[in-house]
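This is what each chain is made of:
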Amino acid sequence: VRLVRTVADLRAALRAPRLQERTIGLVPTMGALHDGHLALVARARETCHEVVVSLFVNPRQFDDAGDLAAYPRDERRDAALVAEAGADLLFAPAVGEVYPEGFATTVSVRGPLTETLEGAHRGRAHFDGVATVVTKLLNMVQPDVAFFGQKDAQQALVIRRFVRDLDLPVRIDVVPIVREADGLALSSRNVHLHGADRERALALASGLRAAQARIAAGERDAQAIAAAGRDAMRAFDVEPEYLAVVDPETLTPLRAVEGTALIAVAARVGPTRLIDNVLVQAPEKAG
Ligand code: PAF
């Protein structure tokens with residue numbers, strides 16, 4: 001894999017493939033790569049001629065300085081994984097390359113999509129930071145397709161929103177969550193789960209499973225479904241920040257689950273804040 005650090009080098013490296021009309025796929029990451037990221041790279045490898053992975057820990061999307069300071073970083077390991085996964089280019093810019101002196105522009109998606117769930121708990125700066133950096137990465141790489149994980153379901157919706165609103169010429173591909181054998185959704189922050197916290201982290205997947213089971217058993221009332229999820233989490237001594245049953249497109253709370261629903265959860269497990277979600281389809285009513 002070829003490592004480039006500047007936008008100028010990136011554009012130079014992509015000039016030939018672009019002239020040859022080879023399709024370009026971008027997998028934006030903040031490093032600390034795990035199998036969830038590698039599933040994005042694999043999908044890009046399958047569907048695009050040229051695969052670019054970006055590695056940039058974006059300070060603007062962290063609402064907590066401690067979380068930014070503790071964010072795991074190991075560029076050499078990430079570069080080896082990206083090479084093994086068959087990417088062509090690794091774009092790893094310095095902070096000053098992305099945010100030059102005097103930087104003064106923010107891309108901000110307003111409304112329910114960013115005010116609820118993660119937006120409500122982390123504050124507006126988080127999704128503003130994501131929208132701004134992803135817009136920049138899309139402009140730097142100008143990919144045909146960009147790949148994101150369903151684990152950050154709200155982020156994926158926010159990205160789809162501004163891509164459509166700003167007419168950015170890119171297709172957004174959202175790839176399913178990758179889980180450990182015991183159900184824990186892969187996350188770069190899982191490296192912070194030590195001792196009993198690793199077991200307690202199963203609270204999120206268990207809560208989602210319990211909620212899903214209630215729907216499969218015929219329950220339609222969103223409050224009852226969410227309560228079943230919260231109860232299951234309590235067995236792990238974990239209290240969610242939220243466990244919400246929402247419309248999968250608009251994220252507005254559902255009163256009853258009739259068609260598809262997104263169940264999203266966030267919780268602190270020890271010092272680590274985790275999120276997870278599942279898309280569910282209510283079975284047709286019998287008779
Ligand atoms: O999902 C992430 O890792 C980040 O939010 C992203 C999309 C790379 C933007 O910094």
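Residues numbered from 1 in each chain as written. Predicted model: local features only at pLDDT ≥ 70, side-chain atom pairs only at ≥ 80, totals over all residues. Heavy atoms only, no water.

A. Fine view of the pattern of salt bridges. Enumeration according to the criterion identifies 17 salt bridges in this entry. Between aspartate 63 and arginine 122 there is a salt bridge, with the nearest N and O atoms lying 2.6 Å from each other. Within this pair, whereas aspartate 63 is found in the loop between β3 (50–55) and α3 (65–70), its partner arginine 122 is found in helix α7 (residues 117–122), the two being separated by 59 residues in sequence. The class of arginine 122 is buried, set by a relative accessible area of 16%. Where arginine 198 meets aspartate 182, a salt bridge forms, and the shortest distance between an N and an O atom there is 2.9 Å. Taken as a pair, arginine 198 in helix α10 (residues 196–200) and aspartate 182 in the loop between β6 (171–175) and α10 lie far apart in primary sequence, 16 residues in all. Judged by relative accessible area, arginine 198 falls into the partly exposed class, the value being 26%. Given a relative accessible area of 34%, aspartate 182 falls into the partly exposed group. Here the salt bridges do not stand alone but share partners, grouping Glu118, Glu241, Arg268 and Arg273 into one network. (Salt bridge = Lys/Arg side-chain N within 4 Å of Asp/Glu carboxyl O. Helix = DSSP H or I, 4+ residues; strand = E, 2+ residues; numbered from the N terminus. Buried < 20%, exposed > 50% of the residue type's maximum accessible area, 1.4 Å probe, protein only.)

B. Highlighting helix α12 (residues 222–234). Under the 1.5 Å per step criterion, the end-to-end length of α12 is 18 Å for 13 residues, consistent within 8% with the ideal 18 Å. By the burial criterion, the buried members of α12 are Ala222, Ala224, Ile225, Ala226, Ala228, Gly229, Ala232 and Met233. Residues of α12 that are buried in the fold lie against α11 (202–216), β7 (240–246) and β8 (260–269). (Expected span 1.5 Å × (residues − 1). Contact = heavy atoms within 4.5 Å.)

C. Quick peek at the site of the ligand. The full set of residues close to the ligand is Pro28, Thr29, Met30, Gln61, Val133, Val134, Phe148, Asp152 and Gln155. One nitrogen or oxygen atom from the side chain of glutamine 61 is found 2.6 Å from an oxygen atom belonging to the ligand. Protein burial of the ligand: of its 290 Å² of free accessible surface, 89% is covered by the chains. Elements with a minimum of two residues in the shell around the ligand: β2 (24–29) and α8 (124–141). (Near = heavy atom within 4 Å. Polar contact = N/O pair within 3.5 Å; in protein donor to acceptor, adjacent residues only side chain to side chain. Areas by Shrake-Rupley, 256 points an atom, 1.4 Å probe, with all protein chains shown as cover.)

D. Summary view of the sheet that holds strand β9 (residues 272–281). Overall, antiparallel pairing links the three strands, which are arranged β7-β8-β9 in an open sheet. Where the open sheet ends on each side, the last strands, each with one partner, are β7 and β9. Here the strands of the sheet are splayed against their neighbours by 10 degrees on average, with no regard to which way each runs. Two strands pair when backbone bridges link them, and β7 and β8 are joined in this way by six bridges, in the antiparallel orientation. Residue pairing in the sheet places alanine 244 in a bridge with alanine 264 of β8. The strands touched by α11 within the sheet are β7, β8 and β9, with β9 carrying the most contacts at an inclination of about 20 degrees. Where α12 meets the sheet, its contacts fall on β7 and β8, and the angle it forms with β7 comes to roughly 145 degrees. (Pairing = 2+ DSSP bridges. Axes fitted to C-alpha atoms, helices over the stretch in contact; angles between N-to-C directions.)

E. Structural view of the nonpolar core. Among the nonpolar cores identified, the biggest contains 47 residues, and Leu10, Val52, Leu138 and Phe162 are the most heavily contacted of them. Among the elements that make up this core, the one with the highest residue count is α8 (nine residues). Ranked by size, the runner-up nonpolar core spans 26 residues in total, among them Leu202, Ile215, Leu243 and Val257. (Core = buried A, V, L, I, M, F, W, Y, C linked by side-chain atoms within 4.5 Å.)

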